[in-house]
Amino acid sequence: MTAGSEAVQDLLPLVFAAPNEALTKAESVLRDRPDPLHASVAHQVIGIWQRDFGDMRLALRHLRRARDWAARAGSADREADVLATLGVALVHSGRTRQGLDALGRGVRRGTGHTRARVLFRRAYSWWVLGHHREALEDVRRAVPVLRQAGDVIWTARALTLRATVHLALGAVERAEADFASAEDLWAVTDQEHDKADAVESRGLAAFRSGDVPAALRLLDEAEERYAKLGTPTFMLSIRRCEVLMAAGLAAEALAEADTAVAELDSIGGQSTRKAELLLAAARAARQADDPATATARAGLAVRLFAGQRRAWWEAHARLVLIGARHAAGKRSGRLVRDAAAVAERLVELGAPAAPEAFLLAGRIALDLGRTADAERHLAVAARSRHNGPPLARMTGWAAQALRARAAGSTRGVLEACRRGLDVLDDHRMTLGASELRARATAQGAELAALAQQAALRSGGARRLLVWSERWRATALSAPPTRPPADPELLSHMTAYREIAARAEEARMEGRPVPALEREQRRLERAIRSRTLHMRGEARGDDTRFDVGRLLERLGDGVRLVELAVVDGRVQVLLCGQSRVRRFEAGSLAAAETEAEHVQAGLRRLAHPGAQARLPVVEAAGRRLEELLLGPAAAHLGDGPVVIVPPGRLHRVPWALLPSLRERVVSVSPSASSWLRARETRPPRGGRQVLVRGPGLATGGAEVTRLADRYRGATVLEHRDATVPRVLTELDGAGLAHIAAHGTFRTDGPLFSALRMADGPLIVHDFERLGRSPYRIILSCCDTARFATVGADELLGLVTALLPLGTAGVVACSAPVNDAAVVPLMLALHEGLAKGLPLPEALRDARSAMPDDALHRATGWAFTAFGAA
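Residues numbered from 1 in each chain as written. Predicted model: local features only at pLDDT ≥ 70, side-chain atom pairs only at ≥ 80, totals over all residues. Heavy atoms only, no water.

1. Section: the overall build of the protein chain
Defined as follows: Where helices and strands are cited, they refer to DSSP runs of H or I of at least four residues and of E of at least two residues respectively, numbered from the N terminus. Between the two quantities, the radius of gyration covers C-alpha atoms and the globule rule is 2.2 Å times the number of residues to the power 0.38. A simple rule labels every residue: compare its accessible area, found with a 1.4 Å probe on the protein chains alone, to the largest value its type can have, and call it buried under 20%, exposed over 50%, or partly exposed in between. Working rule for contacts: check all heavy atoms of both residues, and any pair within 4.5 Å makes them a contact. Reported accessibility uses the Shrake-Rupley method at a 1.4 Å probe radius. Residues are deemed covered only where the shown protein chains occlude them. Charge counting follows a simple rule: Lys and Arg are positive, Asp and Glu are negative, and His as well as the terminal groups are ignored. Think of each charge as sitting on NZ of Lys, CZ of Arg, CG of Asp or CD of Glu.
For the protein chain, the count of helices and strands is 39 helices and 16 strands. Against the 2.2 N^0.38 benchmark of 29 Å for 868 residues, the protein chain shows a C-alpha radius of gyration of 31 Å, consistent with a compact globule. Principal axes of the C-alpha set define a box for the protein chain whose edges measure 100 × 70 × 50 Å. Out of the 868 residues in the protein chain, the part that is buried amounts to 60%. The contacts of the protein chain with a sequence gap of at least 6 include a subset with a gap of at least 24, amounting to 70%. Of the roughly 33400 Å² of accessible surface on the protein chain, 48% is carried by carbon and sulfur atoms. Charge separation in the protein chain, taken as the distance between the mean sites of 120 positive and 102 negative side-chain charges, equals 4 Å.

2. What about the packing of aromatic side chains?
Quick note on the threshold: Aromatic pairs are defined between Phe, Tyr and Trp rings, using the six-membered ring for Trp, whenever the two ring centres lie within 6.5 Å; interplanar angles under 30 degrees are classed as stacked, those over 60 as edge-to-face, and all others as tilted. Sitting over a ring, as applied to charges here, requires NZ of Lys or CZ of Arg to be within 6 Å of the ring centre and within 35 degrees of the ring normal.
For the coordinates displayed, the defined rule picks out 6 aromatic pairs. Seen in terms of ring centroids, Y124 and W127 are 5.7 Å apart; in terms of plane orientation they differ by 50°. Their pairing is tilted. Taken together, the positions of Y124 and W127, both in helix 8 (residues 112–129) and 3 residues apart, correspond to about one turn of that helix. A relative accessible area of 10% means that W127 is categorised as buried. The side chain of R157 reaches across the aromatic face of W154, ending 4.8 Å from its centre.

3. Let's talk about the environment of L660
Its location among the elements puts L660 in the loop between strand 4 (641–644) and strand 5 (665–667). Not counting the four nearest positions on each side in its chain, L660 is found in contact with L636, V641, I643, W654, A655 and V665.

4. Concerning the layout of surface pockets
So the rule is basically this: The pocket and cavity definitions rest on a 1 Å grid over protein atoms only: a 1.4 Å probe that fits but cannot leave marks a cavity, an open set with protein on both sides within 12 Å along at least five of seven lines marks a pocket, and residues lining either have an atom within 4 Å of a point. Grid points are joined across faces, edges and corners, and a volume is the space filled by probe spheres set on the points. When residue character is reported, Ala, Val, Leu, Ile, Met, Phe, Trp, Tyr, Cys and Pro are called nonpolar, Asp, Glu, Lys and Arg charged, and the others, Gly included, polar.
By volume, the second largest pocket is sized at about 1100 Å³. Of all the elements in the fold, those that place two or more residues in the lining of the second largest pocket are helix 2 (11–14), helix 4 (36–53), helix 6 (76–92), helix 8, helix 10 (152–168), helix 12 (192–208), helix 14 (234–246) and helix 15 (250–267). Partitioned by chemical class, the residues of the lining of the second largest pocket number 20 nonpolar, 15 polar and 14 charged.

5. Section: the packing of helix 37 (residues 818–833) against helix 39 (residues 853–861)
The test is simple: Axis geometry follows a simple rule: fit a line to the C-alpha atoms, using only the stretch in contact for helices, then measure angles between N-to-C directions, giving values from 0 to 180 degrees. Here a crossing is called left-handed whenever its near helix is offset anticlockwise from the far helix by less than a right angle, and right-handed whenever the offset is clockwise.
For the pair helix 37 and helix 39, the least separation of the axes is 9 Å and the interaxial angle reads 65°. Crossing of helix 37 over helix 39 shows right-handed handedness. Between helix 37 and helix 39, the residues in contact are A820, V821, P823 and L824 and L854, H855, T858 and G859, respectively. Along the lines of polarity and charge, the residues of the contact of helix 37 with helix 39 split into 5 nonpolar, 3 polar and no charged.

6. Focus: helix 22 (residues 390–406)
Spelled out, the test is: Under the convention used throughout, the expected extent of a helix is 1.5 Å for every residue step, that is, one less than its residue count.
The end-to-end C-alpha distance of helix 22, which contains 17 residues, comes to 24 Å, matching closely the 24 Å that a straight helix rising 1.5 Å per residue would cover. Restricting attention to buried positions, one finds in helix 22 the residues P390, M394, T395, G396, W397, A398, A399, A401, L402 and A404. Where the residues of helix 22 are buried, they touch helix 20 (354–367), helix 21 (371–382), helix 23 (410–428) and helix 25 (445–458). One or two residues past the end of helix 22 sits G408, with phi positive at roughly 80°.

Geometric values such as these leave the question of function open.
What follows is the structure in structure tokens.
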């Protein structure tokens, strides 16, 4: 590059508009043996690029050369500008004292406009170090000078920084005002990297104001902008981790933070960013119930922050470290003192996280029986319950609940838990995606558990039932937000279906499919991302659960059995005959283990010749009954039974339990959802839809037979059984029967699918229905499998249908023999033709099957859900 002085000076703004182009041109300037002024600018540009996107050692080498050339050029302002850039780099490399010294010299050397730019960069360094008051003071001095000089770019940067500092201090409204002003200024510039940073900052502001979907959307937009510029996104990763954790996606946050740390290490990047990423990883590991990883990451972060003289950050890392140690089972007076000291330090620093630290100190003190200390710390934490974002208020209500429990006030515990869960309810319903709604409930798990413990201690079975219902299957209380007008999402889903079908075809032919699998994963990420951006529109069911209404609907003949888990033990709440009775059964952990043994047995029985395994499976069923029903099994009466299990027992084949084997049994995620299903009216017309997918061992033989039974039914098979056509016909149908291969995705439950002619029909597709079929029968493997997430929520095919108008589902929780399914399904439809509800028709269909292991296991594998 041989342009004049003005062209060389233009490289400095270019490094934040088109970073890679600026780097190339700066290297070209140096090849032409420039004069000292131009050499200083070129080395500074390369140093900035390496500082922000590359190797910190190279950055410092180039910036020191830039400083030396500036001194030779005899320009005080040029030297001041380089000293500011060098100071920021030294701070980012962990050399805090040297960095602040360079910035101080830059402020003294610079004049007027240049000095204001140096003040901005020192303010930025103060922010990195966690010295927020000093940062605000330097910005206050810089902004008027930058505005007077008409420096749009640097004024916008200063306003963005000030907004970011306000966010750190919890002043969201001030931050939003500054972000808005900065965005107006960026609109008239070509600073693409700065614009991407502004979008990222708006995402952080949206998160701080409680709008998680908007935060995810803006952060994704920022990432797309950075990708076009080809620049790394370490700060973006830190911010996205924070949002992902608030959305209940802690495992994803941990993976993102760890990946970013590895990438940063590989390029020799900023030490300050590494410490912040380690802190993000520690927080995510703690939320993901991995205290060992949290302790390791937080301990390293503490050491780095201490070495960098970053007291703000060090205090936050110590808070996570103490919390991880407590989660690992450590209890001591020293740990209480450490937590209290961190809490006081956070108060001094003006950090919004101080209540969280006081809550932790109070918890540890309670564990040690030091009630006076606990009360002192919890009282401070409880002050946050009336102000701030939802999760901060949740912290306050958790502290208040613990205070009430320590004081022996059951009423106080329940009131605090109610108020806290109401806060989380409001937050949860701002989320449009069913996955986020389900995962967000994890934030209320402690309050729900405290309330159940208090209800159990009070001895009232009705009260325990109410609190068992309060935070169970809440994601099903309203349909997810449906985005029919999002053409990009629909395009992604069409492409996904095509790629998945091609990949499946290649696998069946024995061909490797790595490229197709990569593209499939990319499209899955894109679909999920667009879905998570949706903001909630529908309110949940505002009607509080009414035990009297439930008992009235049950009448004298039906029994509803709700299984509540309190302190690891199964409490059986038997509802019916105008009363609620409580029985204590066994250990939840033992029941889970036994349920897995049963599932393994059913998988073996799905193959001919496994008759010898039948007594083993039946014996496991008897043990399951003892663990799950206990003495309640003798009080079930003779009528139908509705089972409401906790999420972790969703794979129990309830018809295998001896007391339920000859009985009409249905399963519901909650008593509330059973009531909604019971009161759901079938659509007018009652259309029947029969669907046969490809590749079934029997060819979907029952569909052909059922087509003769249901004259006038819509039959979709062969090329007609495409996802768009199937969805169109299912919408508003009275009865649907789908015979298709089912797959359950543990890594992505909303990508669980039924195989259609043109590819997979996934859960996300079902969520686009205006009204799902009133009754739906899924005669394929694994359709009743779910992922357990949040506090007690389930994600899967069945749970996608229940909020959308489906009142009854028959689905399968295990692999089954295709040939044995056909007679079971035909018998089931015979019962429906007689006017029987699904649970009764399924019971009769089981009893009509041959009495061999294969057919009995097939019948046990199917479950009726809902109340139709």
